[in-house]
Amino acid sequence: MLFLQELKKIVFSISYVLFLIVIVLALNSQGVFHFSGGRISRPQPGGNYGTKHEEIPEIIMPAALEGLWGEFCQNHYVTYPIGLIKNVRLNDREQAEIAEIISEITGVEKDTVLGAQADMADVGKNEFVIGMDGNMQIDSEGNIVFSQEDNANDTNGIIDMIETLITVRSDMDYSEFKDLMQRVDDILGGGSDYSAKSLIGFGTVPVSYEEAVQRYDLCLSRDKITGGYARLFSDYAVAMVMSLLPVFPAVLMCMKDRQTKMTEIIYARKISSAKIIVFRYLAIMTAVMIPVIILSYISNSSVWGIYDGAELDYLAPLKYDLGWIMPGIMIAAAVGMCLTELTNTPIALAVQGFWWLLDMNAGFRSVSDGYALFRLAPRHNAGEMSYFRTQDYIDNFSRLTANRLLFAGLSMFLIAVTIVVYEAKRKGILYGNFNFKKAISGLGSRRNQSEA
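Not measured: the values here are computed from a predicted model.

Procedures and definitions
- Residues numbered from 1 in each chain as written.
- Predicted model: local features only at pLDDT ≥ 70, side-chain atom pairs only at ≥ 80, totals over all residues.
- Heavy atoms only, no water.
- Helix = DSSP H or I, 4+ residues; strand = E, 2+ residues; numbered from the N terminus.
- Contact = heavy atoms within 4.5 Å.
- Areas by Shrake-Rupley, 256 points an atom, 1.4 Å probe, with all protein chains shown as cover.
- Axes fitted to C-alpha atoms, helices over the stretch in contact; angles between N-to-C directions.
- Parallel < 35°, antiparallel > 145°, perpendicular 65-115°, else oblique.
- Left-handed = near helix turned anticlockwise from the far one by under 90°.
- Nonpolar A, V, L, I, M, F, W, Y, C, P; charged D, E, K, R; others polar.
- Core = buried A, V, L, I, M, F, W, Y, C linked by side-chain atoms within 4.5 Å.
- Buried < 20%, exposed > 50% of the residue type's maximum accessible area, 1.4 Å probe, protein only.
- Phe/Tyr/Trp six-rings, centres within 6.5 Å; stacked < 30°, edge-to-face > 60°.
- Lys NZ or Arg CZ within 6 Å of the ring centre and 35° of its normal.

## A short note on the overall build of the protein chain
When you go through the protein chain residue by residue, the secondary structure sums to 19 helices and six strands. The long-range fraction of contacts in the protein chain, counting pairs at least 24 apart against all pairs at least 6 apart in sequence, stands at 78%. Accessible surface for the protein chain amounts to roughly 23400 Å². Of this, 60% is attributable to carbon and sulfur atoms.

## What to know about the packing of helix H13 (residues 273-301) against helix H18 (residues 397-426)
Orientation of H13 relative to H18, taken along the N-to-C sense of each, is 135°, at an axis distance of 9 Å. Here H13 lies oblique to H18, going by the angle between them. Read as a crossing pair, H13 and H18 show a hand that is right-handed. Residues Ser273, Ala274, Ile276, Ile277, Val278 and Tyr281 of H13 pack against Ser411, Met412, Ile415, Thr418, Ile419, Tyr422, Glu423 and Arg426 of H18. Residues belonging to the contact of H13 with H18 are distributed by class as follows: nine nonpolar, three polar and two charged.

## Some thoughts on the environment of Ile225
By the secondary structure assignment, Ile225 is in the loop between helix H9 (209-221) and helix H10 (226-242). Between the C-alpha atoms of Ile225 and Ala316, which are 91 residues apart in sequence, the distance is 9.4 Å. Residues contacting Ile225, with those up to four places away along its chain left out, are Cys219, Leu220, Tyr307, Ala310 and Leu312.

## Examining the nonpolar core
Membership of the largest hydrophobic core comes to 69 residues, with the highest contact counts inside it found for Leu27 and Met242. Listing elements by their share of this core, those giving two or more residues are helix H1 (2-11), helix H2 (14-28), H9, H10, helix H11 (247-259), H13, helix H14 (316-343) and H18. In terms of residue count, the dominant contributor to this core is H14 (12 residues). Setting aside its immediate chain neighbours within four residues, Met242 contacts Ile23, Ala237, Val288, Val292, Ile325, Gly328, Ile329 and Ala332. Judged by nonpolar contacts, the second largest core, of 32 residues, contains Leu90, Ile101, Val168 and Leu199.

## Focus: the packing of H10 against H13
It is at 10 Å that the axes of H10 and H13 come closest, and there the two elements cross at 140°. Compared by their axis directions, H10 and H13 come out oblique. Between H10 and H13 lies a crossing of right-handed hand. Seen from H10, the contacting residues are Thr226, Tyr229, Ala230, Phe233 and Met242; seen from H13, they are Val288, Val292, Leu295, Ser296, Ser299 and Asn300. Of the residues belonging to the contact of H10 with H13, the class tally is seven nonpolar, four polar and no charged.

## As for the environment of Met1
Structurally, Met1 can be placed in the segment before H1. Sequence separation between Met1 and Phe279 is 278 residues; the distance between their C-alpha atoms is 9.6 Å.

## Quick look at unusual backbone geometry
Within the chain, Ile225 stands out as a residue other than glycine whose phi angle is a positive 65°. One non-glycine residue with positive phi stands out, namely Asn344, at about 60°. Mapping Asn344 onto the fold places it in the loop between H14 and helix H15 (347-362).

## A few points about the packing of aromatic side chains
As enumerated under the stated definition, the model contains 11 aromatic pairs in all. Between the aromatic rings of Tyr320 and Trp324, the centroid separation amounts to 6.2 Å while the plane-to-plane angle is 40°, which identifies the pairing as tilted. Of this pair, Tyr320 and Trp324 both sit in helix H14, separated by four residues, roughly a single helical turn. Assigned by exposure class, Tyr320 and Trp324 land together as buried. Considering the side-chain rings of Tyr393 and Phe397, the 5.8 Å spacing of their centres and the 75° angle between planes classify their relative orientation as edge-to-face. By relative accessible area, which is 8% here, Tyr393 ends up buried. Within the aromatic cluster, the residues linked to one another by ring pairs are Tyr320, Trp324, Tyr393 and Phe397. Between the NZ or CZ atom of Arg231 and the centre of the ring of Tyr393, over which it lies, the distance is 4.6 Å.

Listed below in structure tokens is the structure:
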């Protein structure tokens, strides 16, 4: 009875309708309801099977150096320090530090590096003038070429200099290179492609035919096709909304009793605090999980027709909903209930939002990062064809399990704390007439008085 009452409070509210709209819009923006256009087919010899990232120093070092040199010349560095893009411009001292790092990597003198950067900057400023002075021509294919008579020597000199500045010295050790690139990341404020963990992004290599066939066979044998699509949905669902939005109904439910003057009536009931909190928590979980399960099946069913006759796992969406998505919902709802009861304020919205933003900052730099133990939203997918990464999922399954169990356990702990706090408030042991918001404003008033 109590469970149904709590559930009705949630589902028959305007805020819940808005909650559902946001979920649908957020997931639709990721294309998870239109998988039918990405049919998996067996690879054929001689085709292009995509790329992958491997930590191969001989590939990573020159590629990373070339990327750094390009950004250094423009003094325009792209980073993602809080999960959002940030364009960084360095001052002269910081640019000099980058030049020193490039010098250590290439063996070219620091002053030469700075001089070359200045020359390249001047070329950029005078690009329009150069383009109009008659020394460049457009060939039959529309490409701009230098006039050999006037600019051949200058052009060759610039090319030779650039080649020198993007060539890693022969005795450079990879561990030393990683340390130097980490220094670059530190100067940029973090979140760049040059951090030690992100350098693997420069190690792009083609996928072989044999690897492509192995991926395809795993999709059929282990995922039974639908598992890969369910995993892709779960990845986006947790990262985009389900590790954040459930905090809203949790906070609103706990705040609603106070706003409607129902707190004293509930406190006076004989029902235990544990039942009140547990049933409320279960109501929130049910209200969130039901649309998640429905949407996951809408997503997955979009591909059933194009794999007619294949062996499909029709329980795959439900398995991933319960194992991957639900722990994220559990922790967001638990944080919302615990902090709201503890402070009598909606501060949980800010706390969960900040946590979510920090977690998004971790981004998807590598499989290792995506499955880190304390990731609020584990990441596995890296694009539309990520269901091919079944082997990565198998290799990291134990790490994912540990992560999801950790957050499920933490959620139970927070609910236990919420029960204790709620019971203490009912008995008048905690707070009594004490109000968290008044206490905060009182601290500010006393600080102003002392300053006066």
